[in-house]
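Architecture and fold: a report
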Amino acid sequence: MPLNRQSTTPLYIQLYQQMRDDYDATQANHQLWSIRKMAQNLGVSKTTVEQAYDQLLAEGYVYTVPGSGYFYRDRTHWPAAKQTLETVPQPTKSRAFTYDFRYGVTQLLSPSWNAWKRAVRLALRQTEQQPTAVYPDAQGLPALRENLVRFLKTTRGVRCTADQIVITSGAKAGLSILLSILPRGTVGIENPGYRGLSELAASYGQTAVPIRVTEDGLDLTQVRERNPQIIYTTPGHQFPLGVVLPIEKRLALLQWAGTQHLIIEDDYDSEYRYSAHPLPALQSLATANQVAYLGTFSRGIDPTLRMGYLVLPPQLVAIYHQQYQYRAEMVAGLLQQAMANYFEDGAYYRHLSRNRAANRQKYRVLCQQLAQTKRIRPIATGAGVHLVVQIPGIAQAKLLGALEQQQVRIYPLNSNWRDMPTADYYLLGFAGLTLSALTTGVKRLIQVCEQLVG
């Protein structure tokens, strides 16, 4: 049993590996040499042999009999070692595009980013000065929830207490909480709308039913016909079409819901209205606690932050505590403290103002450029960080292929829109592009459309 003393692998590991690999079925219950005899035979210390034997013992290859020594286990019925490693499928990596009109990303603004870094550094000092031996509240840091109460009341008219707020890892995480604590039934989801919501609902035993979106928002006639127990809606800026649910339809929806139905309001980018002040949240109009409210910080600072919030109606707070009392917090306490600091410094309010101004300029440039062609029909709503356009007369595959040659990527709405009337609707997210890149990207998009139509 030769050992390589020039190898970087410790001698005890070499001995352990050889004894493990040299085992065969005939050695079952066979006694190993004593530690002293093995050490003498190999010319190594007894400690080296003892460490090798201990490793074999720890992994179950040998057992001991007090006063008698070490014995090989009978491994006849052990699983056979695999001769080849199975190939693990690798996820397909999407190609990078210079002009990627991807939705959900935000251009990092240096002043806002520097303020966020200061908030994080302060959170590190606070954690160091006041270390805690208990896990943070699963519902979220109290200081952050108190700041949210003030922020939501000021900016969206939302009426709630800190006890109603749950800090989540994003809007879909908040939706998952709601679907998990509500009785199984039907969930009305907007069509077109966010992809994957039907599957998410099904994973919690809920049945999703599509509700048509018209040019002025959710179709209330279809709501009444299908009568789901829960309605998921984006009334402030419908995703993806961008239409706004007018006040008379908001009041009618609340009246329909009454005390028998729940409305889940996803207020995902309500801060970005460019031609008027943001509309009050649907939750602010509710008089029967029939609205649960979802929001996120990800589009405001950085998508990778993965932090959002859920405002529960009072009647669901106790149910939440009952089912989630032993769960850990969804967002690291350090990040929550940093966000609380960002609020208390006023940095988040300044960032929203700064970001709104930057995106307003991008939105106007985008609309001005698209107005120069008849090949692209935008659905302009004066709000949001994306725009839906219709590009008729060009096959989708042909258009996307030609744009790829120009390093431009836009996003078809096929997977967002069940029974889409025509396959020529596309989403253009603009918040993640610089103004220069946006201008060049739109120019190339227009050129490709003009050339393909001829």
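Only a predicted model underlies this, so the values are computations on that prediction, with no experimental measurement involved.

Calculation criteria
- Residues numbered from 1 in each chain as written.
- Predicted model: local features only at pLDDT ≥ 70, side-chain atom pairs only at ≥ 80, totals over all residues.
- Heavy atoms only, no water.
- Pairing = 2+ DSSP bridges.
- Helix = DSSP H or I, 4+ residues; strand = E, 2+ residues; numbered from the N terminus.
- Right-handed = clockwise from strand over helix to strand, strands pointing away.
- Buried < 20%, exposed > 50% of the residue type's maximum accessible area, 1.4 Å probe, protein only.
- Phe/Tyr/Trp six-rings, centres within 6.5 Å; stacked < 30°, edge-to-face > 60°.
- Lys NZ or Arg CZ within 6 Å of the ring centre and 35° of its normal.
- UniProt positions renumbered as here; feature names shortened; annotations may be inferred.
- Expected span 1.5 Å × (residues − 1).
- Arc of directions from axis to C-beta.
- Contact = heavy atoms within 4.5 Å.
- Polar contact = N/O pair within 3.5 Å; in protein donor to acceptor, adjacent residues only side chain to side chain.
- Patch = residues over 30% accessible without salt bridge, like charges linked within 9 Å, V, L, I, M, F, W, Y side chains within 5 Å.
- Areas by Shrake-Rupley, 256 points an atom, 1.4 Å probe, with all protein chains shown as cover.
- Salt bridge = Lys/Arg side-chain N within 4 Å of Asp/Glu carboxyl O.
- Lys, Arg positive; Asp, Glu negative; His and termini not counted.
- Charge placed at Lys NZ, Arg CZ, Asp CG, Glu CD.
- Axes fitted to C-alpha atoms, helices over the stretch in contact; angles between N-to-C directions.
- Parallel < 35°, antiparallel > 145°, perpendicular 65-115°, else oblique.
- Left-handed = near helix turned anticlockwise from the far one by under 90°.

Moving on, we get to the pairing of strand β6 (residues 207-214). In the sheet, strand β5 (residues 186-191) pairs with β6 via six bridges, with the strands oriented parallel. What sits directly across from E190, in β6, is I211. Once you follow β5 into helix α7 (residues 197-203) and on to β6, the crossover reads as right-handed. For β6 and strand β7 (residues 217-218), the ladder comprises two bridges, and the chain directions are antiparallel. Paired with V213 across the strands is L218, a residue of β7. A loop of two residues connects β6 with β7, the two strands running antiparallel in sequence.

Each regular strand carries side chains that alternate between the two faces of the sheet. Burial of the side chains of strand β11 (residues 308-311) extends over both faces: G308 and L310 are buried on one face and Y309 and V311 on the other. Here four bridges tie strand β4 (residues 165-168) to β11, and the two strands are oriented antiparallel to one another. Directly across from T168, in β11, lies its bridge partner G308. As paired elements, strand β10 (residues 291-296) and β11 share four bridges and run antiparallel to each other. Considered in β11, the bridge of G295 is made with Y309.

Each aromatic ring pair is specified by the distance between its two centres and by the angle formed by the two planes. Under the defined criterion, the tally for this structure stands at 20 aromatic pairs. For the ring pair F297 and Y309, a centre distance of 5.2 Å and an interplane angle of 55 degrees mean the geometry is tilted. One end of the pair, F297, is in the loop between β10 and β11; the other, Y309, is in strand β11, with 12 residues separating them in the sequence. Neither F297 nor Y309 differs from the other in exposure class; each is buried. R95 extends its terminal NZ or CZ atom over the ring of F97, reaching a point 5.2 Å from the ring centre.

Reading across the sheet, the four strands line up as β12-β13-β16-β15 and stay open at both edges, with antiparallel pairing between neighbours. At either margin of the open sheet sits one strand with a lone partner, and together these are β12 (377-379) and β15 (411-412).

This part is about unusual backbone geometry. Backbone torsion omega between N191 and P192 reads 5 degrees, so that peptide bond is classified as cis. Of note, P192 is situated in the loop between β5 and α7. In the segment running from F239 into P240, the intervening peptide bond is cis, with an omega of 5 degrees. Mapped onto the secondary structure, P240 falls in the loop between β8 (230-233) and α9 (247-257).

This part covers the UniProt feature "domain: HTH gntR-type" (unreviewed entry) in the protein chain. As annotated in UniProt, the feature "domain: HTH gntR-type" (unreviewed entry) corresponds to residues 9-75 in the numbering used here. Between the end C-alpha atoms of residues 9-75 there is a gap of 27 Å, over a span that is 48% helix and 12% strand.

With 19 residues, helix α14 (residues 435-453) should reach 27 Å at 1.5 Å per residue; the first-to-last C-alpha distance of 27 Å fits that figure. Inspection of α14 places A437, L438, G441, V442, L445, I446, V448 and C449 among the buried residues, and these make up the whole buried set. What you see down the axis of α14 is that its buried residues fit within an arc of 165 degrees, all on one side. Opposite the packed face of α14, turned more than 90 degrees from it, sit the exposed residues S436 and Q451. Where the residues of α14 are buried, they touch β3 (99-100), α12 (347-370), α13 (396-405), β14 (408-409) and β16 (425-429).

We now examine the side chain of H237. One can find H237 in the loop between β8 and α9. At 3.2 Å, the side chain of H237 forms a polar contact with the side chain of D269. One polar contact links the side chain of H237 to the main-chain carbonyl oxygen of A383, over a distance of 3.4 Å. Every residue in contact with H237, bar those within four places of it in the chain, is listed here: G242, V243, Y268, D269, T381, A383, G384 and H386.

Now for a positive patch on the surface. Residues K117, R118, R121 and R125 make up a contiguous surface patch of positive charge. Assignment of secondary structure puts R121 in helix α4 (residues 110-129).

Bringing the packing of helix α2 (residues 35-42) against helix α3 (residues 46-58) into the picture now. It is the contact of α2 with α3, at a shortest axis distance of 8 Å, that shows an interaxial angle of 120 degrees. Relative to α3, the element α2 lies oblique. For α2 against α3, the interelement crossing comes out right-handed. Along its contact with α2, which presents I35, R36, M38 and A39, the element α3 presents K46, V49, E50 and Y53.

What follows is about the side chain of E265. By secondary structure assignment, the location of E265 is in strand β9 (residues 262-266). One buried charge, E265, has no salt-bridge partner; the nearest side chain with opposite charge is R250, at 4.9 Å. For E265, the side chain forms a polar contact with the main-chain nitrogen of L282, separated by 2.7 Å. Within polar-contact distance, the side chain of E265 engages the backbone nitrogen of Q283 at 2.9 Å. Leaving out residues up to four positions away in the same chain, E265 has contacts with T233, P235, A281, L282, Q283, V291, A292, Y293 and L294.

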